[in-house]
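Inside the fold
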Amino acid sequence: MGFNCGIVGLPNVGKSTLFNALTATAAAESANYPFCTIEPNVGRVGVPDARLDIIAKIGGSQKIIPTTLEIVDIAGLVRGASKGEGLGNQFLGHIRSVDAIIHVLRCFEDDNITHVEGSVDPLRDKEIIEIELMLSDIESLEKRQFALSKKARSKEADAQEQLEIVEKVLKILQDGSPARTFIPKESEKALFADLHLLTSKPILYVCNVKEEEAATGNALSQKVALMAARENAKSVVISANIEAEIAGLSEADQKEFLDSLGLKEKGLAHVLYEGYALLGLLTFFTVGPKEARAWTVEKGSTAPQAAGKIHSDFERGFICADTIAYTDFLANNGEAGAKDAGKLRQEGRNYVVCDGDIFHFKFNV
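A quick note: this is a predicted structure, and the numbers were derived from the prediction, not measured. (Residues numbered from 1 in each chain as written. Predicted model: local features only at pLDDT ≥ 70, side-chain atom pairs only at ≥ 80, totals over all residues. Heavy atoms only, no water.)

With that settled, the discussion passes to the packing of aromatic side chains. Taken as a whole, this structure holds 8 aromatic pairs when the rule is applied. On the basis of an interplanar angle of 85 degrees and a centroid distance of 6.1 Å, the ring pair of F284 and F361 is categorised as edge-to-face. Of the two residues, F284 sits in strand 8 (residues 281–287) while F361 sits in strand 12 (residues 358–363), which places them 77 residues apart along the sequence. Just as F284 is buried, F361 falls in that class too. By the ring-pair criterion, three or more aromatic residues cluster together here, those being F284, W295, F318, Y351, F359 and F361. Taking the ring centre of Y326 as reference, the NZ or CZ of R51 above it sits at 6.0 Å. (Phe/Tyr/Trp six-rings, centres within 6.5 Å; stacked < 30°, edge-to-face > 60°. Helix = DSSP H or I, 4+ residues; strand = E, 2+ residues; numbered from the N terminus. Buried < 20%, exposed > 50% of the residue type's maximum accessible area, 1.4 Å probe, protein only. Lys NZ or Arg CZ within 6 Å of the ring centre and 35° of its normal.)

In C-alpha cells:
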C-alpha cells in the first residue's frame, strides 16, 4: 500500500525480535551484538480488524484479506551516528525513507544481554537517538539554508519562502526540539514536507519489558509513558520475547498462552493499531461471495481516490460509489437489508471516505 513504519533504537533493545514477531518470520537475525542487522529487513503485516471478520461472515465471503502495513527493521543506531559512527549515515538514510518511526526502548534488566551504554535507561536511550536525528536534520537544513540564501539574493522564485521555512525549523532544532514540534501554516505544509526531516516523522514509543511485566508494565515504561504524553506522542508496552514465542502458535494456543499471562490480546496488535493511527490512515471495505477485503487510504481521501487503491481504472473511470456505513451493514445484516432500509447511498466524486465505509464502485473506462 506504500505506507511504512521503521523500527529504530539502540542495539540490543529488541528491534529484530519485534520485527520477527510482527512478520512471523526469522528474516531478521536476532543476536546479542550491535549491528547484526546491516540491511533493513522489510515485511508486510496484516492489521487486525474485527470488523472484517464480521463483514465476511454476513457477506458469506470465502476469503478474508486484511489491509497491511510495511514494517522496516533498521539496524541499531549509536552515539555519533550523525557523524558516521556505527554505519550511522547508512542507517539514517534508511530512516529517512520511512513514513513513521516505531522507537523501541529497552525497559528490562538482564545481565545476559549487554547494553551499548552500560546500563538500562530508556529516557537516556531515547535522547541519544533523538539527538542524532536532530543533528542530522540540522546539518541538512544548514546546507539548504546556504543554497537558498544565494538563490534568494538572486530573487529566484520561491527561494525566499523556502528559506523562511528552513530558518524557522532550524531554530527549533537548534533550541533542542524535534522538527515535529513545528506547526506549519496551511501555506507552509507542502514546503515543510519537502524538507524530509528525520525528526518531523510521527513516532510511537514501544517499551520492551520482561514477560511477567507485559500486562502491567513497570517503573521504566511508566516514565516513557509520561515522556510520550508530554510530547503528545503515544507509547505501548510489549514483551518482544512473548510476541516471538506466540508468533508460531495456532490461534487457539495463542489465546490460551495470553490468558495464562493475563493478556487480552497480543502486544503487537497495539503496535499495529497505533502505527496505523500514527500515519493518519483509515480503512474501507469491499465484500462479496469471493472475498471480504480491507483497504487503506489516508484520512481526507475522496471516493475516486479510494477506488484507485483497488485499480487505477476504477479511479480514472469513476462514476459513483454505492456506500454503506459499517454500522448500517451490521444492523441490517448485509447489503440487501441495508438497501431495503434506505441505508445504501450513492456517493459522487467529492465524497470523503469515512472509516468503515463499505463500497461497491461503479466505473466506465
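Once the structure has been displayed, the description carries forward.
Here the focus is the pattern of salt bridges. Applying the stated criterion across every chain yields a total of 17 salt bridges. Here K255 and D259 are joined by a salt bridge, their closest N and O atoms 3.1 Å apart. You can see K255 and its partner D259 sitting in helix 9 (residues 251–260), 4 residues apart, about one turn around the helix. D259 gets classed as partly exposed once you look at its relative accessible area, which sits at 45%. Between R345 and E347 there is a salt bridge, with its nearest N and O atoms 2.8 Å apart. Several salt bridges share partner residues, and in doing so they unite K126, E130, R180 and E231 into one network. (Salt bridge = Lys/Arg side-chain N within 4 Å of Asp/Glu carboxyl O.)

The 6 strands lie next to each other as 2-4-1-5-6-7, forming an open sheet whose pairing is mixed. Edge strands, defined here as strands with exactly one partner in the open sheet, are strand 2 (41–46) and strand 7 (234–238). Geometrically, the sheet is characterised by an average inter-axis angle of 25 degrees between neighbouring strands, direction not taken into account. Note that strand 6 (residues 203–208) and strand 7 share 5 bridges and pair parallel. When the sheet's bridge partners are listed, Y205 is paired in strand 7 with S235. (Pairing = 2+ DSSP bridges. Axes fitted to C-alpha atoms, helices over the stretch in contact; angles between N-to-C directions.)

Atom-level detail of predicted coordinates should not be read off regions where pLDDT is low. Residue-level pLDDT values for the protein average 87, and 90% of them are 70 or greater. The least confident element of the protein, judged by mean pLDDT, is helix 3 (residues 88–96) at 70; the most confident is helix 13 (residues 326–331) at 98. (pLDDT = per-residue confidence, 0-100.)

Glancing now at the side chain of S61. With respect to the secondary-structure elements, S61 resides in the loop between helix 2 (50–59) and strand 3 (63–65). A distance of 2.7 Å separates a polar atom in the side chain of S61 from the backbone oxygen of G288. Here S61 is in contact with A56, V287, G288, P289, K290, E291 and A292, once residues within four sequence places are set aside. (Polar contact = N/O pair within 3.5 Å; in protein donor to acceptor, adjacent residues only side chain to side chain. Contact = heavy atoms within 4.5 Å.)

This paragraph deals with empty space enclosed by the protein. All told, the structure shown has 1 cavity of 30 Å³ or more when counted by the stated rule. Here the largest cavity defines a volume of roughly 60 Å³. In terms of lining residues, the largest cavity is bounded by H103, K126, I129, E130, L133, P178, R180, T199, I203 and Y205. Those elements giving two or more residues to the lining of the largest cavity turn out to be helix 4 (122–153) and strand 6. Within the lining of the largest cavity, the residues separate by chemical class into 5 nonpolar, 2 polar and 3 charged. (1 Å grid on protein atoms, 1.4 Å probe; cavity = no way out; pocket = protein on both sides within 12 Å on 5 of 7 lines; lining within 4 Å. Points joined across faces, edges and corners; volume = space filled by probe spheres on them. Nonpolar A, V, L, I, M, F, W, Y, C, P; charged D, E, K, R; others polar.)

So, on to helix 7 (residues 219–230). Across its 12 residues, helix 7 extends 17 Å between first and last C-alpha, which sits within 8% of the 16 Å expected from 1.5 Å per residue. Three or more residues of helix 7 are buried, namely L220, S221, V224, M227 and A228. For helix 7, the buried positions fall inside an angular range of 115 degrees around the axis, keeping them on one side. Exposed and facing more than 90 degrees away from the buried side of helix 7 are A219, L226, A229 and R230. Buried positions along helix 7 lie against strand 5 (100–106), helix 4, strand 6 and strand 7. Regarding helix 7, its N-cap is N218, as a side-chain oxygen of that residue lies 3.0 Å from the backbone nitrogen of L220 further along. Positive phi appears at N232, one or two residues downstream of helix 7, with a value of about 60 degrees. (Expected span 1.5 Å × (residues − 1). Arc of directions from axis to C-beta.)

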